[in-house]
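# Coordinate analysis (summary)
Chain by chain, the residues run as shown.
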Amino acid sequence: MGPPGVGKGTQAARLKTLLGVPHVSTGDILRASMQERSALGNEVRGFVESGRLVPDALMGELIGERLQREDAAPGFILDGFPRTLEQVATLERVTGRLGRPLDKVLMLVAPESEIVRRLSGRRTCPSCGSVYHLDSKPPKAAGICDACGATLVQRPDDTEAVIRERLRIYEEQTVPVANAYRERGILAVVDGTGDLDAVAERLTAGLGPVRERS
Ligand code: AMP
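This is a predicted model, so every value here is computed, not measured.

### Comments concerning unusual backbone geometry
Among all residues except glycine, the phi angle is most often negative; among peptide bonds, the trans geometry is most common. In this model, F81 is joined to P82 through a cis peptide bond whose omega is 0 degrees. Considering the arrangement of structural elements, one finds P82 in the loop between β2 (77-79) and α5 (85-98). In this model, R37 sits at a positive phi of 55 degrees, which is unusual for a non-glycine residue. Looking at the secondary structure, you find R37 in the loop between α2 (26-36) and α3 (39-50). Here R37 falls in the exposed class, since its relative accessible area comes to 59%.

Below you can see the structure in the form of structure tokens.
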């Protein structure tokens, strides 16, 4: 967990390779359903594009379904879930049913000025999901995805007004989630500034020993 733009998605993708378990990003799942114009996508579009949270009941269904799939049987990395105390309770029910409690909650942190800088320069590929940054990770040809050649876009929720709204919502709703996990003794707070390798190393250290996969 951590505020929008702190590097959760980037680091989770690296951890996925390291641990050999799927990276379950609720933001990615919602954006994919919006792109497909599925019933779920149409239902959540207004929330996602304005930076508000999708209702808990809908998110509970989505995560319950996703974590039951076979690829998540050996474990999973959650990115962007849970974001509210109600989602913490839902997740506990789902993981209880699966017999797979959370090993660890890693919280990435960075100063707000750095987050706004990162998010406003972020560009993403709507086709393959690659992520770039205008200053720190520009594509080889301006506006074009290196990996698949599609035209890069700015997420509608990465504009400055929406970024501020997302940060406000994060503070308000997600900080109590961190406190809940701190009380359970499984929260590790990790510095999200500096280069990608340094952050990845800190995260791996914060993860500590994980239970053996069955
Ligand atoms: P993200 O990619 O994690 O920044 O998520 C983008 C947007 O998707 C958020 O601003 C919310 O509108 C929605 N979203 C993602 N995960 C959740 C969640 N766990 N609960 C509610 N809304 C979510």
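Structure's up, so let's keep going.
### Points about the pattern of salt bridges
Summed over the entire model, instances satisfying the criterion amount to 17 salt bridges. Ionic pairing is found between R118 and E114, a salt bridge with its closest N-O pair at 2.9 Å. Pair noted here: R118 and E114 are both in helix α6 (residues 112-120), with a separation of 4 residues, about one helical turn. Residue E114 is classed as partly exposed on the basis of its relative accessible area of 22%. Residue E160 is joined to R164 by a salt bridge in which the shortest nitrogen-to-oxygen separation is 2.9 Å.

What counts, and where the lines are drawn
Residues numbered from 1 in each chain as written. Predicted model: local features only at pLDDT ≥ 70, side-chain atom pairs only at ≥ 80, totals over all residues. Heavy atoms only, no water. Helix = DSSP H or I, 4+ residues; strand = E, 2+ residues; numbered from the N terminus. Buried < 20%, exposed > 50% of the residue type's maximum accessible area, 1.4 Å probe, protein only. Salt bridge = Lys/Arg side-chain N within 4 Å of Asp/Glu carboxyl O.

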